[in-house]
Amino acid sequence: MPLPHPLGVDGIVAFADSERMSLPLDTILEGDCIAGMNRLPAGSVDLVFADPPYNLQLGGDLIRPNATRVDGVDEDWDRFANFAAYDAFTRDWVAAARRVLKPDGALWVIGSYHNIHRVGTILQDQGFWLLNDIVWRKTNPMPNFMGTRFTNAHETLLWCARSAEARPTFNYATMKALNDDLQMRSDWMLPLCVGQERLKTDGRKTHPTQKPESLLYRIILATTRPGDVVLDPFFGTGTTGAAALKLGRHYIGCERDPDYIKAARARLAEVGPAPDPALLVTPSRRTEPRIPFGALIEAGMLKPGQTLFGGARRAHAAIIAADGTVCCGSVRGSIHKVGAQVQEALACNGWTFWHYEDETGALLPIDRLRERIRAEI
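Since this is a predicted model, take the numbers as computed values, not measurements.

Caption draft 1: Region of interest: the pairing of strand β16 (residues 354-357). With 2 bridges connecting them, strand β12 (residues 307-310) and β16 associate as antiparallel partners. Bridged to phenylalanine 309 within β16 is histidine 355. Of the strand pairs in this sheet, β16 and strand β17 (residues 363-365) are connected by 3 bridges, and their pairing is antiparallel. Among the inter-strand pairings, glutamate 357 is bridged to a residue of β17, identified as leucine 363. In sequence, β16 turns back onto β17 through a hairpin of 5 residues, with glycine 361 there showing a positive phi of about 95 degrees.

As structure tokens, this is what we get:
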């Protein structure tokens, strides 16, 4: 149930420094992000995603070999007097983000070689516990036009728990399903934000560092639950908010640039309702009711004396006993123990290793029968 909050015009909230606000769900907070976060209730946010200024330290225009200018980052918000000024700014926003996170909350921050190592040190100094560093490998990176360095083809994301004792959300089964049933790795290959997704104003990029929605989709899907609150202190044109709404989460964004806010408002207004909440959660085997192999025999799905086959090619055979154990020669035990021994393996998932023969003669994994019982439950 959303907490009551004072709304400004068109979903933008502007507060005096002295005001303390209740949780303003699905809202852009206009102004300085540190002041905005410090006015939010402590321990109220599930996840923070931060795409701070990179402090690129650009010395001039970047020119292509054909003498055209690269549309890079030259905005004032990316300029700092020196590293000390950048570090002070980073310490302030990190502290503000840590204050608003719930005890089991987590933070993601993205950066390049210009800033991510400095940010990582500050995160650890302030008590965050690093869980992963993710390498975003860009499938379409900008080339190094001058040929003086390697093509900078990746950015780094740090995923951190609020503390070493925190137990942040990680939807492992969801990420595995998203990756064709393979455990997802820490190197992600995703394209830059281009084409129709790239917001433009008068033919130019509205925001120079707009992140692809696929990146935020993956982060939010992996490390939040439906209904959670995701805070983005550097909201820009609203990529985090768009991904959050599509996945049934709430967002809070902080942004001070009126042009970015205008673009974000228009973008978020076009996001439709999230799908059925059941479609936003991947069922986990760990939360499903435990079904012992003997339950299949009690239900009459399998019979004592029936033969099970190891693998889909009948490489091994075992006879079902009345007590739910199986026998293969002189070996008798659970479906897992016997499966491991006949393969000379350390372990075995008997539910997927052993197969039964149906009325047509086809071999099917016994796990199908277990799923049938679970569906009835």
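There is more to say after this.
Caption draft 2: Inspection of the confidence of the model for the protein chain at higher detail. Per-residue confidence for the protein chain gives a mean pLDDT of 88, with 88% of residues at or over 70. Segment residues 1-11: pLDDT under 50, and 19 contacts once partners within four positions in sequence are set aside and those in other chains are kept.

Caption draft 3: Region of the structure containing the sheet that holds β12. Read from one edge to the other, the open sheet built from 6 strands follows the order β15-β14-β13-β12-β16-β17, with strand pairing classed as antiparallel. The open sheet terminates on both sides in strands that have one partner only, identified here as β15 (331-333) and β17. Taken over all neighbouring pairs, the strand axes of this sheet differ in orientation by 35 degrees on average, direction set aside. By the bridge criterion, 2 bridges tie strand β13 (residues 316-320) to strand β14 (residues 326-328) in an arrangement that is antiparallel. Directly across from isoleucine 320, in β14, lies its bridge partner valine 326. Packed on one face of the sheet, helix α9 (residues 335-343) meets β13, β14, β15 and β16 and runs near 150 degrees to β15. Where helix α11 (residues 367-376) meets the sheet, its contacts fall on β16 and β17, and the angle it forms with β17 comes to roughly 55 degrees.

Caption draft 4: Quick look at α9. Considered for burial, the residues of α9 that qualify are Ile335, Val338, Gly339, Ala340 and Val342. In the segment just after α9, glutamate 344 is the residue with positive phi, at about 55 degrees.

Caption draft 5: Expanded view of the pattern of salt bridges. Going through the model one piece at a time under the given rule, you end up with 12 salt bridges. In this structure, lysine 211 and aspartate 51 form a salt bridge, with 2.9 Å as the shortest nitrogen-oxygen distance. You can see lysine 211 sitting in the loop between β9 (204-205) and α5 (213-223) and its partner aspartate 51 sitting in the loop between β3 (45-50) and α2 (83-100), a full 160 residues away along the chain. For the residue pair lysine 211 and aspartate 51, the accessibility class agrees, reading buried in each case.

Caption draft 6: Just the side chain of serine 163, in detail. Secondary-structure assignment places serine 163 in the loop between β6 (154-161) and α4 (172-178). In this structure serine 163 comes out as buried when scored by relative accessible area, which is 14%. Once you skip the residues sitting within four places of it in the chain, serine 163 turns out to touch Arg98, Gly127 and Trp129.

Caption draft 7: Representation of the packing of aromatic side chains. Applying the stated criterion across every chain yields a total of 12 aromatic pairs. Between phenylalanine 170 and tyrosine 172, the aromatic rings sit 6.3 Å apart at their centres with planes inclined by 65 degrees, giving edge-to-face as the arrangement. Under the relative-accessibility criterion, phenylalanine 170 is labelled partly exposed at 42%. The exposure class of tyrosine 172 is partly exposed, given its relative accessible area of 35%. By way of ring pairs, the aromatic residues Phe80, Tyr86, Phe89, Trp93 and Phe234 are connected into one cluster. Positioned above the aromatic ring of tryptophan 136 is the side chain of lysine 138, whose terminal nitrogen or guanidinium carbon lies 5.3 Å from the ring centre. Positioned above the aromatic ring of tryptophan 351 is the side chain of arginine 370, whose terminal nitrogen or guanidinium carbon lies 4.3 Å from the ring centre.

Caption draft 8: Broad picture of the packing of α2 against helix α3 (residues 116-125). Two numbers describe how α2 lies on α3: the axes approach to 10 Å, and their chain directions differ by 45 degrees. Taken together, α2 and α3 sit at an angle that is classed as oblique. Seen along the crossing, α2 lies across α3 with a hand that is right-handed. Contacts between α2 and α3 pair Phe83, Tyr86, Asp87, Thr90, Arg91 and Val94 from the former with Arg118, Val119, Ile122 and Leu123 from the latter.

About the criteria used
Residues numbered from 1 in each chain as written. Predicted model: local features only at pLDDT ≥ 70, side-chain atom pairs only at ≥ 80, totals over all residues. Heavy atoms only, no water. Pairing = 2+ DSSP bridges. Helix = DSSP H or I, 4+ residues; strand = E, 2+ residues; numbered from the N terminus. pLDDT = per-residue confidence, 0-100. Contact = heavy atoms within 4.5 Å. Axes fitted to C-alpha atoms, helices over the stretch in contact; angles between N-to-C directions. Buried < 20%, exposed > 50% of the residue type's maximum accessible area, 1.4 Å probe, protein only. Salt bridge = Lys/Arg side-chain N within 4 Å of Asp/Glu carboxyl O. Phe/Tyr/Trp six-rings, centres within 6.5 Å; stacked < 30°, edge-to-face > 60°. Lys NZ or Arg CZ within 6 Å of the ring centre and 35° of its normal. Parallel < 35°, antiparallel > 145°, perpendicular 65-115°, else oblique. Left-handed = near helix turned anticlockwise from the far one by under 90°.

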